[in-house]
Amino acid sequence: MTNDGEPVTCSEVDWDAEAASFDEEPDHGLRDPDVRRAWAGRLRGWLPGRAGDVLDLGCGTGSLSLLASEQGHHVTGVDLSPAMLRLARRKLDGRDAVFLLGDAASPPVAERRFDAVLVRHVLWALPDPGRALRHWCGLLRPGGRCVLVEGVWGSVAPVGIPAERITHLLGPIAGQVRVERLSGDSLLWGGAVADERYVVIAQARASGQERGETAAAGQ
């Protein structure tokens, strides 16, 4: 999320224009076999062990969608960029996956429910992260999980969202919540990084969205 060392906000990026070169970043395209294996291994531990329905929000060119599909999951990807979606559809051609044009904060999935909601580097850029998290948790089946890969990038004027803020927002609306620090795993990023990078994994409450919304309203 930086440009020559300086942080760049999501709103400053023309994602359609970026689509053609997006996969050149090691952790975007996963073209390096070692990087790909590292992400596949992490994803295997984050997503449900049994094949299920995975909603990949802000899916970009579909690299994580592809890994999830290869692990047996049915994937629904959502992104605001038509150019990104074209590449994602091409990348997963012939697989059990569908890609929809829409807003990650309010994905166009109607009443569908999922076993996992996967979101990488999206929450930090949303104007109301708490509202998005409540909505995403409401899209989960009982026992499902939100997998949120996020970070804080840059040192002079950092952008991102700290893990502690996410866990605080999830407290009233999710069950078990855990954080895995990812900065030290250089294979994920194609090299060493100094930024804060992590994943938050939140288990859905058994009673689903209604309980979470009631708790949030009582804050």
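Moving on, we come to the packing of helix H6 (residues 129–138) against helix H7 (residues 163–170). It is the contact of H6 with H7, at a shortest axis distance of 10 Å, that shows an interaxial angle of 55 degrees. Taken together, the axes of H6 and H7 are oblique relative to one another. Note on packing geometry: the crossing formed by H6 with H7 is right-handed. Across the interface between the two elements, Pro129, Gly130, Leu133 and Cys137 from H6 touch Arg165, Ile166, Leu169 and Leu170 from H7.

Another point: the nonpolar core. Ranked by size, the top nonpolar core spans 32 residues in total, and within it Val117, Trp136, Leu148, Ile166 and Leu170 carry the most contacts. At the level of elements, strand E3 (53–57), strand E6 (114–120), H6, strand E7 (140–153), H7 and strand E10 (196–203) are the ones that each hand at least two residues to this core. Apart from residues no more than four positions distant in its own chain, isoleucine 166 is found in contact with Leu123, Leu133, Leu148, Glu150, Ile161, Tyr198 and Val200. Formed by 22 residues, the second largest nonpolar core is a distinct cluster that contains Leu30, Leu64, Leu182 and Val199.

Here we take up helix H3 (residues 33–46). Between its first and last C-alpha, H3 extends 20 Å over 14 residues, near the 20 Å set by a 1.5 Å rise per residue. Regarding H3, its N-cap is aspartate 32, as a side-chain oxygen of that residue lies 2.8 Å from the backbone nitrogen of aspartate 34 further along.

Quick look at the environment of aspartate 195 now. With respect to the secondary-structure elements, aspartate 195 resides in the loop between helix H8 (186–189) and E10. Residue aspartate 195 is classed as partly exposed on the basis of its relative accessible area, which comes to 21%. For the pair formed by aspartate 195 and glycine 151, sequence separation is 44 residues and the distance between their alpha carbons is 7.3 Å. Sequence-distant contacts of aspartate 195, defined by excluding residues within four places in its chain, comprise Val152, Trp153, Gly154 and Ser183.

The residue histidine 73 is located in the loop between helix H4 (63–70) and strand E4 (74–79) in this model. A distance of 3.1 Å separates the side chain of histidine 73 from the backbone nitrogen of glycine 52, its partner in a polar contact.

Moving on, we come to the packing of aromatic side chains. Applying the stated rule across the entire model yields four aromatic pairs. Residues tryptophan 39 and tryptophan 46 carry aromatic rings whose centres are separated by 6.2 Å and whose planes lie at 80 degrees to one another, so their mutual orientation is edge-to-face. Relative accessible area serves as the criterion here: at 0%, tryptophan 39 is assigned to the buried category. Between tryptophan 124 and tryptophan 153, the ring centres sit 5.6 Å apart and the planes meet at 65 degrees, which makes this aromatic pair edge-to-face. Within this pair, whereas tryptophan 124 is found in the loop between E6 and H6, its partner tryptophan 153 is found in strand E7, the two being separated by 29 residues in sequence. The class of tryptophan 124 is buried, set by a relative accessible area of 12%. Given a relative accessible area of 2%, tryptophan 153 falls into the buried group. Of the aromatic side chains, those joined through ring pairs into one cluster are Trp39, Trp46 and Trp189. It is arginine 120 that lies over the ring of tryptophan 39; its NZ or CZ is 4.8 Å from the centre. Note that arginine 197 overlies the ring of tryptophan 189, its terminal NZ or CZ placed 4.5 Å from the centroid.

Calculation rules
Residues numbered from 1 in each chain as written. Predicted model: local features only at pLDDT ≥ 70, side-chain atom pairs only at ≥ 80, totals over all residues. Heavy atoms only, no water. Axes fitted to C-alpha atoms, helices over the stretch in contact; angles between N-to-C directions. Helix = DSSP H or I, 4+ residues; strand = E, 2+ residues; numbered from the N terminus. Parallel < 35°, antiparallel > 145°, perpendicular 65-115°, else oblique. Left-handed = near helix turned anticlockwise from the far one by under 90°. Contact = heavy atoms within 4.5 Å. Core = buried A, V, L, I, M, F, W, Y, C linked by side-chain atoms within 4.5 Å. Buried < 20%, exposed > 50% of the residue type's maximum accessible area, 1.4 Å probe, protein only. Expected span 1.5 Å × (residues − 1). Polar contact = N/O pair within 3.5 Å; in protein donor to acceptor, adjacent residues only side chain to side chain. Phe/Tyr/Trp six-rings, centres within 6.5 Å; stacked < 30°, edge-to-face > 60°. Lys NZ or Arg CZ within 6 Å of the ring centre and 35° of its normal.

Note that every value here comes from positions in space, so none of it alone points to a role or purpose.
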